[in-house]
Amino acid sequence: MSLVEEYAEGEYERAPKRLKTATAAEEGEELEEGEDSDSASAGLLGDEEEEEEARRPGGKSRARWSASKYGSGRKVSAAGWKRDNGDDTHRIAPSPVVHVRGLCESVVEADLVESLEKFGNICYVMMMPFKRQALVEFEDVESADRCVACGSKEAVYIAGQQAYFNYSTSKRITRPTNADDPNSGNKVLLLSIQNPLYPITTDVLYTVCNPIGNVLRIVIFKRNGIQAMVEFETVQNAQKAKAALNGADIYAGCCTLKIEYARPSRLNVIRNDNDSWDYTKPFLVRRERGKGRQRQAILGEHPSSYSDNGYGSHCPLLPLPSNNRFKRSSHEVPDVVAYPLPQTSSYIGHSSSSVAMVSGLHSTKMNCTRIFNLFCLYGNIEKVKFMKSVPGTALVEMGDEYAVDRAITHLNSIKVFSKRLNVCVSKQHAVIPSQVFELEDGTSSYKDFAMTRNNRFTSAGQASKNIIQPPSCVLHFYNVPPCITEDDLLRLCTEHDVPGFIKFKMFDAKPSSKTISGLLEFDSKTHAVEVLTVLNHYQIRIPNGSNPYTLKLCFSTSSHL
């Protein structure tokens, strides 16, 4: 059973009033012909919900809700019955698992527990922060009955916002590990950092977690995105941390925490650095150039260099829940956890240059524009320059050093046109347009992208809408004219000598919409990377159209269609 809910088909399609979210409002904005909207930047936060609907049969969202706001012609009883024109139709059988929708963006697990524990003991909570939803597993069906029944009769508020409830088709929330039961005595948490717009280090996680309970060890690993294991001193500390932080943002609008209980009961750390730290063994500190490590946290709306560039002012981490059970003690921890931001020169968590060096580039198939098409998913691109003295190597000047970190994390060692890329930090701090020459495909070895509209991190609002996603075999396409069909896109792949997709899904669009979007699945991750490298920002011209449409591609959060 998938962790994401499955429901009876067709309810949302007939609902005259769907729950209105910020993302839904964005989706309702129309694009003028050929216009590139900021709200349509790569990997919008609403994409995940759209993609989940696309994975359901017929592309329809399948749910049935107990709120009467969906229209007077249909009623849903507490037991899960739905009536349409007076006839009984489908029924969701009562289940101890309740699906909660309509949550506010800042909600955490503790808020759900605090609001819903009055209906009965809660065994488990799974947050779906980007969807503003959650699954809550009660100890018995009777508790779930009380929750759904109450929600159908009166407003139930969670973190100050009305929420909506219905039974889940699951009888139990699927846990990702074998050691997911709090009663098992596990004190190690598994943290998955979603949309990691900024670097995540041991310093950052320690500053986030330690105010709630003593942290003994932290290990960060980057296999599928960014994950970390945090070992607390006691099981109770781990339980409090999971409740207080599950679903919270480390920085505003990004670096969202999804927390589960980990499988190991103890972590083994062999050295203290940005990716692992044993706070019980300070002698493991690795000193560099005779300088000791300075533990400084970077909590706030964003790191300090972003503030210096006009991205906004410092804002502390989200407040901890008001319930004192999530604090170590009232005199030890303030209501809001705020720490001083480090200066760029003293912070070890990111690269010291905003220039990346990329080697292993195909001599005939890679150029400045194609490098931009790939690297722009992880930050603004200022300049790209191929090195004449080192064939197959280029320098990419990005908007800041954080963008370089993201590019290295997600693009180093990937294969593009049968060659494996090597992405690392350059010793240079800027790209100088010297020794410009002609590449084998006839294009220039140097190009300036500073003024292009295709950069996707030009403002704080636009940057926060990008989901930083590692390469996958599914691409999300958008800003495409409605007249374009599946065959047209396949023909486009053939004309540019790149692999064709094996599955195609188009999202439902409003009749008034000027653009369409959808998903393309490829045989492999390498094929998807090559298509994105070649076709991202391709100009689609239509008959009698005044302006071309810019095809935009990004890696999807879906693993398959």
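A brief report on the enclosed structure follows. Because the structure is a prediction, the values reported are computed rather than measured.

As for the pairing of strand 13 (residues 254–261)
Turning to step 1, where the next piece is worked out: For strand 13, a buried count of 8 out of 8 residues is recorded, marking the element as mostly surrounded by other parts of the structure.
Turning to step 2, where the next piece is worked out: One ladder, built from 6 bridges, connects strand 9 (residues 188–194) with strand 13; its direction is antiparallel. The partner of Gln-194 across the bridge, within strand 13, is Thr-256.
Turning to step 3, where the next piece is worked out: Two elements, strand 12 (residues 249–251) and strand 13, share 2 bridges in a ladder whose sense is antiparallel. Its bridge partner being in strand 13, Asp-249 is matched across the sheet by Thr-256.
Turning to step 4, where the next piece is worked out: Where strand 12 folds back onto strand 13 in an antiparallel hairpin, the turn is made up of 2 residues, including Gly-253, whose phi is positive at roughly 80 degrees.

A few points about the nonpolar core
Turning to step 1, where the next piece is worked out: In this structure, Leu-191, Ile-250, Ile-371, Leu-374, Phe-375, Ile-381 and Leu-535 are the most contacted members of the largest nonpolar core, which totals 90 residues.
Turning to step 2, where the next piece is worked out: At 6 residues, helix 13 (residues 525–535) tops the list of elements feeding residues into this core.
Turning to step 3, where the next piece is worked out: Residues contacting Leu-191, with those up to four places away along its chain left out, are Leu-205, Cys-209, Ile-226, Gln-227, Ala-228, Val-230, Leu-257, Lys-258 and Ile-259.
Turning to step 4, where the next piece is worked out: Core analysis: the next-biggest nonpolar cluster, separate from the first, contains 24 residues, Ile-92, Cys-150, Phe-165 and Tyr-167 among them.

Some details on the environment of Arg-271
Turning to step 1, where the next piece is worked out: Topologically, Arg-271 is positioned in the loop between strand 13 and strand 14 (276–278).
Turning to step 2, where the next piece is worked out: Judged by relative accessible area, which is 39%, Arg-271 ranks as partly exposed.
Turning to step 3, where the next piece is worked out: Taking the C-alpha atoms as reference points, Arg-271 and Phe-283, 12 residues apart in sequence, are found 8.9 Å from one another.
Turning to step 4, where the next piece is worked out: Separated by 2.7 Å, the side chains of Arg-271 and Asp-273 make a polar contact.

Overview of the side chain of Asp-400
Turning to step 1, where the next piece is worked out: On the secondary structure map, Asp-400 appears in the loop between strand 17 (393–398) and helix 10 (401–411).
Turning to step 2, where the next piece is worked out: Among buried Asp, Glu, Lys and Arg side chains, Asp-400 stands out as unpaired, with Arg-406 the closest opposite charge at 4.7 Å.

What counts, and where the lines are drawn
Residues numbered from 1 in each chain as written. Predicted model: local features only at pLDDT ≥ 70, side-chain atom pairs only at ≥ 80, totals over all residues. Heavy atoms only, no water. Buried < 20%, exposed > 50% of the residue type's maximum accessible area, 1.4 Å probe, protein only. Helix = DSSP H or I, 4+ residues; strand = E, 2+ residues; numbered from the N terminus. Pairing = 2+ DSSP bridges. Core = buried A, V, L, I, M, F, W, Y, C linked by side-chain atoms within 4.5 Å. Contact = heavy atoms within 4.5 Å. Polar contact = N/O pair within 3.5 Å; in protein donor to acceptor, adjacent residues only side chain to side chain. Lys, Arg positive; Asp, Glu negative; His and termini not counted. Salt bridge = Lys/Arg side-chain N within 4 Å of Asp/Glu carboxyl O.

By themselves, these figures tell us nothing about what the structure is for.
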